[in-house]
Structure formats: C-alpha cells, structure tokens
Amino acid sequence: MIFKRKNICLLVLALVLSMVMVACGSDSTGGEGTYNWKFVTEEQQGQVQYEYAQEFANRLHEKSGGQINMEVYEFGGLGSEVNQVELLQSGGVEFAIVSPGFTGTMVSEGQLFALHFLFTDDMELNQKILDESEALNVHLTDKYEQYNIKPLAYWTEGAMQWTGDRPLTTPEDFQGFKMRTQTSPLILRSYEAYGASPTELSWGELYTSLQQGVVQGQENPIFFIEDANFHEVQDYMMISEHNIYVAMTTVNTDFFADLPSEIQEMILETVEEMRPVAYEMQERMNDELLGAIETNDRHPTEIIELTAEQREAFREKALPVRDFFINEVGEDGKKILEMLVEEIDAATN
Ligand code: 6CS
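Note on numbering: residues in each chain are counted from 1, in written sequence order. In view of the model being predicted, local features appear only for residues whose pLDDT reaches at least 70, and side-chain atom pairs are presented and counted only at 80 or more, with totals across whole chains, interfaces and linings using the full set of residues. To get the side-chain values, all heavy atoms of the structure are used, and hydrogens and water are removed first.

Considering the site of the ligand
Line of reasoning, step 1. With respect to spatial proximity, 13 residues lie near the ligand, and among them E43, R180, Q182, W203 and N220 are the closest.
Line of reasoning, step 2. Taking E43, its side chain carries an N or O atom lying 2.6 Å from a nitrogen atom of the ligand.
Line of reasoning, step 3. Under the rule applied, a polar contact is a pair of N or O atoms within 3.5 Å (in protein, one hydrogen donor and one hydrogen acceptor; residues adjacent in sequence only if both atoms are side-chain atoms). N220 places a polar side-chain atom, nitrogen or oxygen, 2.9 Å from an oxygen atom of the ligand.
Line of reasoning, step 4. Only the protein chains shown count as cover for residues, and the accessible areas themselves come from Shrake-Rupley with a 1.4 Å probe. Compared with its free state, where it exposes 290 Å², the ligand has 100% of that area covered by protein.
Line of reasoning, step 5. Residues are sorted three ways: Asp, Glu, Lys and Arg are charged, Ala, Val, Leu, Ile, Met, Phe, Trp, Tyr, Cys and Pro are nonpolar, and all the rest, Gly among them, are polar. Residue composition of the shell around the ligand, grouped by class: five nonpolar, three polar and five charged. We call a residue near a molecule or strand when any one of its heavy atoms sits within 4 Å of it.

Below, the structure written as structure tokens:
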C-alpha cells in the first residue's frame, strides 16, 4: 500500500515537471525557451551516420549557447528506414539522415544514386561533386521538398563493395544470385541487369537473412560490413567499388521554414562545417575496418579486388540501366541525370 502511494507521488511529480518544462518553452518549435529536436539516423553508435548526427548536435548546442538540444536516435528504435522517412515528413522528427535508396518509390528521381559506375573512382572528387552539383543541390533537392523533405547536404559514406557466399567477379556469377537491396525499384533493376534475383530488405533483418540463406549477398561500404558483422556470415568480400554510398542530411521543410532566420543560419553553418568532418569520418572508419576484416581469423573473409577488366564487364551491363531510369522516371529525372553526368564529366576532364 505504502509502495503504491509512493509510486503515485512519483507519477504526479513527473507530470508536474513535464508541465513546467512545456511552460518554459521546451517544445520543438522554440518560443521563448529552448529548442528540443529529434535527429534520427539509419545507423547505430560508432557508425558514420550516428557519429555525424551526434557531432552535428554537439556543435549546434554549443553554437546556440545551449539553446538547441538535439536528441540523436540510433536505427531501430523508431522503426524501419522507411518508417523514419515517414516520421520526418510528418514532423515526428525534425531531422534525419536519409539514404535515397529508401525513398525510391516516392522521389523517383533520387534513384539516380542507384546507378552503378556513375561517379568516379576518386572519392574526394566524388564528394566535391556531391557538394557542388547544381543537378543535386538545386533540382533534386526541389523534388524532395515537394514531399516536405529538405536535403541540406549530400555526402558519401564510402565506396560500395559486394559480399557474398561465393566470389562475384563476373556478371555470370550473379545468375540467380539472391541479392539484398534497399527499397528502390532502380536498385533491383541494376541487379537484374547482371542476372541476379534481388530482394528488398531493411538492414535490421540482413544479418539473419544472410545467415539463413534467405539472401546470399549484399552491398555496402566496408565500415558498415564490418560493424554490422555481415562478414561473419559471408565468405567473400569483393572490392568492386561499383557505386558510392550517398546519405542525405535532411530536415522537415515546413519546420525549417518556420524557424527564425538566425537559427536557420546556425543550422546551415553547421551543415557546411560537417562536410569535411563526415568525409574524414567515413575515410578513417572504412580504412580501419578493412584492416579488421583482413585480420579476423575467427571469421575469415576472402577479399577479392576486381580488376579493371572485370569492372568493365559490369559497367557494360550497368549502362543500359540509365535508359531504364530515363524512361521510367520521366522528363525531370532525365534532365537531372543528364546535368549530373555533365557535371561529373566536367570535374573529371
Ligand atoms: O544497407 C543499409 O541499408 C544501411 N547501410 C548503411 C551504410 N547505412 C544505413 C543503411 O540503412
């Protein structure tokens, strides 16, 4: 009885405290008090997106003299990657790191990131293109804004590699291969072009699916393959570099538009500061965790570096997928892709 009364007292105290906090202006849109925002990522502590978001939150907190508090959420607690995008759109979270691979059925133009061998082999140059591209930062951004998603930066988490239960060095090796992909029709199409049989899955289900043979392989940057332990249930990792992994730092469009201009400026300044930080983070983690895979005797993984000729055979099969993109995605998508290709060519020559 005494115990129950104590619990009731605690509950009342918690209610009173939360009412005081609301009265002090600790809502998500500000007012006279603090700003309390949610920032959801598709990754977990120690992984690039989460560490990026945490650093972003720390910088904004400091810059605002403690006025801005961002709670960073790991992947898992708020549902699948697709659920997280929905939360961002509805304002359930204010900020999110979004992989375009999970918005393919909505912003079809964003699927261009799924095209293999589109970017260069020089990661620094790729990041410069992502930073400066008008096709992306103006025209593709405009497409996302129509869905209440404002991309603030496009940045890479590293080159993509394949892992498999067998070596994957020629398109023939992909015949009937059960490949896991993110949820984007164009990613599926890219693997169908090699003869594979792709399946869309959240990465939350990927380890078990690889272990049980539901899927036989997947693509990701090296840091993620190691940190999510996919190498434990895969015998081969191919250094294929068939694509780059692109993530977007995003904010809910309506929420951002309603913020005072000095707060908007602080956010945009932080986005700029984070560009080299994100690049350094992914480069360091990809290097370090490649070493960890190489020296892991408990779960040995054979690492196969594809030759230039082997990559060329994949590139030939991948090029027609651009026509599929142009036909399926429509005139605006075609223009964005063509402009991006011109920008990449200009940056390379
Ligand atoms: O493979 C995936 O779906 C996950 N890969 C990375 C590098 N980040 C999050 C994403 O959901």
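Focus on the sheet that holds strand β1 (residues 35-40)
Line of reasoning, step 1. Each pair of strands is called paired provided DSSP finds at least two bridges between the two strands. Comment: elements are numbered from the N terminus, with helices defined as DSSP H or I runs of at least four residues and strands as E runs of at least two. Taken in spatial order, the five strands make up an open sheet running β2-β1-β3-β10-β4, and their pairing is mixed. Of all the strands in the sheet, just β2 (68-73) and β4 (149-159) have a single pairing partner and so form its edges. The average undirected angle you get between the axes of adjacent strands in this sheet is 20°.
Line of reasoning, step 2. Alignment of β1 against β2, held across six bridges, turns out to be parallel. Paired with V40 across the strands is Y73, a residue of β2.
Line of reasoning, step 3. In this description, contact between two residues means that some pair of their heavy atoms is separated by no more than 4.5 Å. Only C-alpha atoms enter the line fits that serve as axes; for helices the fit covers just the stretch in contact. Angles between N-to-C directions range over 0 to 180 degrees. With respect to the sheet, helix α4 (residues 123-132) is in contact with β4 and β10 (244-252), its orientation differing from that of β4 by roughly 175°.
Line of reasoning, step 4. Sheet strands touched by helix α10 (residues 261-294): β1, β2, β3 (95-98) and β4. Its angle to β4, the strand with the most contacts, is close to 15°.

Here we look at the packing of aromatic side chains
Aromatic ring pairs are reported here in terms of the distance separating the ring centres and the angle at which the planes meet.
Line of reasoning, step 1. In summary, the pairing rule links any two rings of Phe, Tyr or Trp, Trp by its six-membered ring, whose centres are within 6.5 Å, and it sorts them by plane angle into stacked for under 30 degrees, edge-to-face for over 60 and tilted for everything else. For the coordinates displayed, the defined rule picks out 23 aromatic pairs.
Line of reasoning, step 2. Measuring from centroid to centroid gives 4.5 Å for Y52 and W155, while their planes differ by 15°, and the two rings are stacked. Note that Y52 is positioned in helix α2 (residues 48-63) and W155 in strand β4, a separation of 103 residues in sequence. There is no split in this pair, since Y52 and W155 are both buried.
Line of reasoning, step 3. Members of the aromatic cluster, each reached through a chain of ring pairs, are Y35, W37, F39, Y52, F56, F95, W155 and F255. Here the term buried applies to any residue with accessible area under 20% of the maximum for its type, exposed to any over 50%, and partly exposed to those in between, with areas from a 1.4 Å probe on protein chains only.

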